[in-house]
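# Topology and contacts: notes
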Amino acid sequence: MSEQAPRELPEPGPPAAPQGRVLAAVAAGGALGALARYGALVLWPGAGGFPWTVFAVNVSGCALIGVLMVLTVERGRVTHPLVRPFLGVGMLGGFTTFSTYAAGVSDLLARQEALTALAYAAATAVAALGAVWAAAAGTRTWLDRGPRGRRGLRGSDGSRGSRGSRGSSGSRGSRGSRGEGRAA
């Protein structure tokens, strides 16, 4: 029998909300996100060819997800337990949908526009991932430039401290910022 090294437990996050409230937050956010996506399709319907509206909705929604994850998970600036279910799972989940993206690819293939379908499928994946990364990096930079960010990231000698430091109260520990390593 081999001895296993003890595993480090994740840091606790914000207090969990009762499941009924979480479900209501997801449902309300999802309804608003779906209405926003529908509104975008009504305002900018596009006419055949590349589905620019769904592409723009998915990429912009992914950028907003990047911002939300930095604010809630990495930096803990927004800690209410219903923010991520309402905005992340609900609103942004309803706004950006894989099914609408897949339907667009399918429609292009049905119209025998295989190259456009392939370009749309690849461009959406690359642009969406790039948008999450760029928005998260931009949000981190923006937060670090503000008075709260500078104060929390400088040591007593003026040098940059760890991302998770809290000024005079010391570091949050060896894991860095709150929620690092946790899934969204």
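Residues numbered from 1 in each chain as written. Predicted model: local features only at pLDDT ≥ 70, side-chain atom pairs only at ≥ 80, totals over all residues. Heavy atoms only, no water.

With that settled, the discussion passes to the overall build of the protein chain. Along its length, the protein chain carries six helices and zero strands. Written out in order from the N terminus, the α and β elements of the protein chain read α-α-α-α-α-α. Per-residue burial over the protein chain gives 33% buried out of 184 residues. Accessible surface for the protein chain amounts to roughly 11,400 Å². Of this, 65% is attributable to carbon and sulfur atoms. (Helix = DSSP H or I, 4+ residues; strand = E, 2+ residues; numbered from the N terminus. Buried < 20%, exposed > 50% of the residue type's maximum accessible area, 1.4 Å probe, protein only. Areas by Shrake-Rupley, 256 points an atom, 1.4 Å probe, with all protein chains shown as cover.)

A few words now on the packing of helix H2 (residues 52-74) against helix H5 (residues 114-145). The angle between the axes and the distance between the axes are what describe a pair of packed helices. Packing of H2 against H5 leaves a shortest axis separation of 7 Å and a crossing angle of 35°. Here H2 runs over H5; the crossing is right-handed. Mapping the contact onto sequence places Val54, Phe55, Asn58, Val59, Cys62, Ala63, Gly66, Val67, Val70, Leu71 and Glu74 in H2 and Tyr120, Ala123, Thr124, Ala127, Ala128, Ala131, Val132, Ala135, Ala136, Thr139, Arg140 and Leu143 in H5. Taken together, the residues that form the contact of H2 with H5 break down as 17 nonpolar, four polar and two charged. (Axes fitted to C-alpha atoms, helices over the stretch in contact; angles between N-to-C directions. Left-handed = near helix turned anticlockwise from the far one by under 90°. Contact = heavy atoms within 4.5 Å. Nonpolar A, V, L, I, M, F, W, Y, C, P; charged D, E, K, R; others polar.)

The grouping of Leu43, Trp44 and Trp52 at the surface amounts to a nonpolar patch, some 420 Å² of accessible area in total. Residue position: Leu43 is located in helix H1 (residues 19-43). The exposure class assigned to Leu43 is exposed, which follows from its relative accessible area of 75%. (Patch = residues over 30% accessible without salt bridge, like charges linked within 9 Å, V, L, I, M, F, W, Y side chains within 5 Å. Salt bridge = Lys/Arg side-chain N within 4 Å of Asp/Glu carboxyl O.)

This part covers the pattern of salt bridges. Per the counting criterion, the structure on display carries three salt bridges. Close ionic contact of Asp144 with Arg75 constitutes a salt bridge, the shortest N to O distance being 2.8 Å. One end of the pair, Asp144, is in helix H5; the other, Arg75, is in the loop between H2 and helix H3 (83-95), with 69 residues separating them in the sequence. Note on accessibility: Asp144 and Arg75 belong to one class, buried. Among the salt bridges present, the one from Arg111 reaches Glu113, with a minimum N-O distance of 3.0 Å. Owing to a relative accessible area of 42%, Arg111 belongs among the partly exposed residues under this scheme. Overall, Glu113 belongs to the partly exposed group, its relative accessible area being 25%.

Everything listed is a geometric property; what it means functionally is a separate question.
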